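Chain by chain, the residues run as shown.
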Amino acid sequence: MDELVTRMKAQALAWAVIAGFALVGVVFLLVALNGWFSVMWGPVVGPLVLGGGALAIALTVWAVMTITANISKRRELERRHAAEKTALVTTAAVTALPLVLQSGLMRKLGLPVGGALAAAYLLTRSGGHKADE
């Protein structure tokens, strides 16, 4: 356990150093880009273009994150609704079963036909198992 903790600390330190130098590199690249834009478009327009580009990137990332989160929420809501519908139908069927079984005709004819239909359904549907492949 101590070896694992020591290794994790060493990796955390290494990643912190990498992140620090990457940050310094990005800052120097932005300063150089600012200088180049200032020479090309002037000392006012150059930094404005750089700032506008940074804001555009931030807005794009925010929009993608928001759209992705909304899609994820919608899929979770659809999954939850499907599970609730299945639970409701199952509860209704289990609740109605004693009433249906009181009928003599249902016991003699309905149960075998219902069992055969259920077996056929279970045998023909794709259950997600890949054993046959």
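These figures come from a predicted structure and were not determined experimentally. (Residues numbered from 1 in each chain as written. Predicted model: local features only at pLDDT ≥ 70, side-chain atom pairs only at ≥ 80, totals over all residues. Heavy atoms only, no water.)

**Q** Could you clarify how one ought to interpret the packing of aromatic side chains in this entry?
**A** Any pair of aromatic rings gets described here by the distance separating the centres and the angle formed by the planes. Across all of its chains, the model carries 2 aromatic pairs by this definition. When the centroid spacing of 5.7 Å and the interplanar angle of 25° are considered together, the rings of Trp 36 and Phe 37 count as stacked. Judged by relative accessible area, which is 12%, Phe 37 ranks as buried. Joined through ring pairs, the aromatic side chains of Trp 36, Phe 37 and Trp 41 make up one cluster. (Phe/Tyr/Trp six-rings, centres within 6.5 Å; stacked < 30°, edge-to-face > 60°. Buried < 20%, exposed > 50% of the residue type's maximum accessible area, 1.4 Å probe, protein only.)

**Q** Can you walk me through the pattern of salt bridges in this structure?
**A** Side chains that differ in sign of charge can pair as their charged atoms come close. Summed over all chains, the structure comprises 2 salt bridges. With a shortest N-O distance of 2.5 Å, Arg 79 and Glu 76 are connected by a salt bridge. Of this pair, Arg 79 and Glu 76 both sit in helix α2 (residues 45-101), 3 residues apart, which is roughly one turn of that helix. Arg 80 is the salt-bridge partner of Glu 76, the closest N and O atoms lying 3.7 Å from each other. (Salt bridge = Lys/Arg side-chain N within 4 Å of Asp/Glu carboxyl O. Helix = DSSP H or I, 4+ residues; strand = E, 2+ residues; numbered from the N terminus.)

**Q** Explain α2 to me, please; I cannot follow it from the model alone.
**A** In an α-helix there are 3.6 residues to a turn, and that puts residues three or four apart on one side. Over its 57 residues, α2 extends 83 Å from the first C-alpha to the last, a length consistent with the 84 Å expected when each residue adds 1.5 Å. The sharpest bend along α2 reaches about 30° and sits at Thr 95, with the proline Pro 98 one to four residues further on. (Expected span 1.5 Å × (residues − 1). Bend = angle between axes of the 7 residues up to and from the residue.)

**Q** Honestly, helix α1 (residues 2-41) in this entry has me stumped. Any pointers?
**A** Spanning 40 residues, α1 covers 57 Å between terminal C-alpha atoms, matching the ideal 58 Å at 1.5 Å per step. Following α1 by one or two positions, Gly 42 has its phi on the positive side, about 105°.

**Q** Explain the environment of Val 31 to me, please; I cannot follow it from the model alone.
**A** Of note, Val 31 is situated in helix α1. The class for Val 31 is exposed, based on a relative accessible area of 53%. Expressed as a C-alpha distance, the spacing of Val 31 and Val 61, which sit 30 residues apart in the sequence, is 23 Å.

**Q** Looking at this structure, I do not really get a nonpolar patch on the surface. What am I missing?
**A** Judged by side-chain polarity, Trp 36, Met 40, Trp 41, Val 44, Val 45, Leu 48 and Val 49 come together as a nonpolar surface patch covering roughly 700 Å² of accessible area. Of all elements in the fold, only α1 and α2 reach the threshold of two or more residues within the nonpolar patch. Inspection of the secondary structure assignment puts Met 40 in helix α1. Taking relative accessible area as the criterion, Met 40 reaches 40% and is therefore assigned partly exposed. (Patch = residues over 30% accessible without salt bridge, like charges linked within 9 Å, V, L, I, M, F, W, Y side chains within 5 Å. Areas by Shrake-Rupley, 256 points an atom, 1.4 Å probe, with all protein chains shown as cover.)

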